[in-house]
Amino acid sequence: MTTRIDTAGARIGMWIFLYSEIILFGGLFVLYAVYFYDYPELFAKGGKELNRIIGSLNTVVLLVSSFTVAASIAAIQRGRKGQAMTFLAFSIFCGLVFVVNKYFEWGAKIRHDIYPNSATLQDGEPGLNIFFGLYYVITGLHGLHVIIGMALLTVSLVLVMRDRITASRYVVLENSGLYWHLVDLIWIFVFPLFYLVL
Amino acid sequence: MESIEEHRHITGYGQLAVILALLLALTGVTVAVSYIHLGFFNVPVALAIAALKASLVLLFFMHLRHEGPVIRYAFITAILFLAVMIGFTFWDVAFR
């Protein structure tokens, strides 16, 4: 008796989960849109405090890692196990670079007394307080997704190594990849909204 | 145990690299545009570029082009729902 694995069904399930993620971040973007409408100048002032260089660097890191994840799927489809593992390891490394950058970025902000409930924000303009509140919630939730994505990619890497993910059966890798691309998609909107507001 | 992978499209490395190059170029464009004062149009331009980048990721990296109707139509529904959610909330706030 052979067991048929429903890969199409597994992918549909993953996509439905991703739609719920889109709506989750969509709700936060609604908050951003409404408060940006109320405090356009203060949001621009807050945006100038953020480090554009680190923001741009993290954008490049995530885009490159998305490419290597897509390439690892193309490699496993061709049965090139070694290449797929190299691409995956590099993607996980990119995720690590992103999180370390985020650590230094948040650290610098916190040293300047800019964090939720800090004296500077509490006694300052309400618009700036809201801007940095949204900044910490959205980039924090996104950072959590990066860490979960790295864990999923690590599981995929181990499964490829143990020949559990092969050219004929790679839906776990594909779904982990979809999650990683979603992390990239969300950052594509976070980057201009927070780092590049005028 | 046997898995029957239905006939799947294999994306070439070259095509993926082209998409990555486009995405990096568009990132450069967004950063450059943010230094030009367009008044009201800065935000719509930034969002349009972001939407274009997101489409490239969805269609090529996430293989949405080769997915069946279930995933495609469900995706369009999710985006429509998002548009209603953002649109109606904004409408309410703007004309309150």
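Before any of the text, the structure's been laid out above.
### Here we look at helix α4 (residues 81-111) of chain A
All names here are of chain A. Helix length check: α4, at 31 residues, gives a terminal C-alpha distance of 45 Å against a target of 45 Å (1.5 Å per residue), a fit within 8%. Along α4, the positions that sit buried rather than exposed are Ala84, Phe87, Leu88, Ser91, Ile92, Cys94, Gly95 and Phe98. Contacts made by the buried residues of α4 are with α3 (52-77), α6 (126-161) and α7 (171-195). Immediately downstream of α4, the backbone of Asp113 shows phi near 60°, a positive value.

### Overview of the packing of α3 of chain A against helix α1 (residues 13-34) of chain B
Interaxial distance between α3 of chain A and α1 of chain B falls to 10 Å at its minimum, and their mutual angle equals 165°. On the basis of their axis angle, the class for α3 of chain A and α1 of chain B is roughly antiparallel. Relative to α1 of chain B, α3 of chain A is oriented so that their crossing is right-handed. In this structure, α3 of chain A uses Ser56, Thr59, Val60, Leu63, Val64, Phe67, Ala70, Ala71 and Ala74 of chain A to contact α1 of chain B, whose residues at the interface are Tyr13, Leu16, Leu20, Leu23, Leu24, Thr27 and Val31 of chain B. Considering only residue class, the contact of α3 of chain A with α1 of chain B consists of 13 nonpolar, three polar and no charged.

### A look at the environment of Phe61 of chain B
Locating Phe61 of chain B in the fold gives a position in helix α2 (residues 42-61). A count of 26 C-beta atoms within 10 Å places Phe61 of chain B in the buried class. Expressed as a C-alpha distance, the spacing of Phe61 of chain B and Gly14 of chain B, which sit 47 residues apart in the sequence, is 12 Å. In this view, Phe61 of chain B contacts Ser66, Ala70 and His181 of chain A together with Ile19 of chain B; residues no more than four positions away in its chain are not counted.

### A word on the interface of chain B and chain A
Between chain B and chain A, the residue contacts involve 40 residues of the former and 42 residues of the latter. Of all elements in the fold, only α1, α2 and α3 (69-94) of chain B reach the threshold of two or more residues within the side of chain B that touches chain A. In terms of residue class, the side of chain B that touches chain A is made up of 26 nonpolar, nine polar and five charged.

### Observations regarding the nonpolar core
Among the nonpolar cores identified, the biggest contains 65 residues, and Ile76 and Val190 of chain A are the most heavily contacted of them. Breaking this core down by element, the ones donating at least two residues are α1 (7-38), α3, α4, α6 and α7 of chain A together with α1 and α2 of chain B. Tallying contributions element by element places α7 of chain A first for this core, with 15 residues. Here Val190 of chain A is in contact with Ile138, Thr139 and His142 of chain A, once residues within four sequence places are set aside.

Cut-offs and rules
Every chain begins its residue count from 1, and numbering advances along the sequence as written. Numbering of ligands from 1 and lettering of chains from A proceed in the order in which they are written. Reporting of local features is limited, given that this is a predicted model, to residues whose pLDDT is at least 70; pairs of side-chain atoms are given and counted only at 80 or more, and all residues count toward the totals for whole chains, interfaces and linings. Segments assigned H or I by DSSP are reported as helices when at least four residues long, segments assigned E as strands when at least two residues long, and all are numbered from the N terminus. A helix is expected to reach a length of 1.5 Å times the quantity of its residues less one. Counting other C-beta atoms within 10 Å of each residue's C-beta, where C-beta atoms are placed from the backbone, gives the exposure class: buried for 20 or more, exposed for 12 or fewer, partly exposed between. Here the contact rule is simple: place C-beta atoms from the backbone, and any two residues whose C-beta atoms are within 7 Å are in contact. With axes taken as lines fitted to C-alpha atoms, and helix axes fitted only over the stretch in contact, angles between N-to-C directions fall between 0 and 180 degrees. For classification, angles of less than 35 degrees are called roughly parallel, those exceeding 145 degrees roughly antiparallel, those between 65 and 115 degrees roughly perpendicular, and all remaining angles oblique. If you view the pair so one helix is near and one far, a crossing is left-handed when the near helix is turned anticlockwise from the far one by less than a right angle, and right-handed when it is turned clockwise. As a working rule, the residues Ala, Val, Leu, Ile, Met, Phe, Trp, Tyr, Cys and Pro are called nonpolar, Asp, Glu, Lys and Arg charged, and the rest polar, with Gly in that last group. Residues of type Ala, Val, Leu, Ile, Met, Phe, Trp, Tyr and Cys that are buried and joined through C-beta atoms within 7 Å form what is called a nonpolar core.

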